[in-house]
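Reading the structure
Read off the chains here:
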Amino acid sequence: QVQLVESGGGLVQPGGSLRLSCAASGSIYSIYVMGWYRQAPGNERELVARMSSGDSTAYADSVQGRFTISRDNAKNTVNLQMNSLKPEDTAIYYCYGDVRTRNLRRTEYWGQGTKVTVSS
C-alpha cells in the first residue's frame, strides 16, 4: 500500500559526507512525520532526525550540528545530509513515515534500510 525506499548509503572516511534520500510512494493522502532512525550492531534502533509536515525538526544530540534533515511534502521525499561523519555514525539507517493513507488510515511505515559505514 505504501512503500519507503532509501538510497545513498555507502562507505566514507571520517570527516566525510553522505546524503541519504527516501521516497515514499503508494496510497498516500498525507505524511505527518518523516524521519530517519539508525541501528548499529548490538544496539537498539534510535532516532536520528525527524521532520513534521509543518517543518518542525528534532535531532539526536549526537548528530546535532552535523546532520540536516529536509523534506518535500509535494514529492513525499525526505533527505538526510550527513557531514563531519564519525565512526560511531556507522549503522543501518532506516527511513520512517507516519502516513495518512488515502483510505484515511494512519499507519507507520519503514524502509528497508541503507548501510552507512564510516571508517578509514
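Scroll up to find the structure this text is about.
So, a few notes on the structure that sits alongside this text. The structure presented is a predicted model; accordingly, all values stated were derived computationally and were not measured.

Considering the pairing of strand β8 (residues 77-82)
- Across six bridges, the pairing between strand β3 (residues 18-26) and β8 is antiparallel. Counted as the bridge partner of Leu-18 is Met-82 from β8.
- Note that strand β7 (residues 67-72) and β8 share six bridges and pair antiparallel. Bridge assignment links Thr-68 to a residue of β8, and that residue is Gln-81.

Thoughts on the pairing of strand β5 (residues 46-52)
- Note that strand β4 (residues 28-39) and β5 share six bridges and pair antiparallel. Counted as the bridge partner of Tyr-37 is Leu-47 from β5.
- In this structure, the hairpin formed by β4 and β5 is closed by a connection of six residues, where Gly-42 is found at a positive phi of approximately 80°.
- For β5 and strand β6 (residues 57-59), the ladder comprises three bridges, and the chain directions are antiparallel. From the neighbouring strand, Arg-50 faces β6, where its bridge partner is Ala-58.
- Here β5 folds back onto β6 in antiparallel fashion, the turn holding four residues, of which Asp-55 has a positive phi close to 75°.

Definitions and cut-offs
Residues numbered from 1 in each chain as written. Predicted model: local features only at pLDDT ≥ 70, side-chain atom pairs only at ≥ 80, totals over all residues. Heavy atoms only, no water. Pairing = 2+ DSSP bridges. Helix = DSSP H or I, 4+ residues; strand = E, 2+ residues; numbered from the N terminus.

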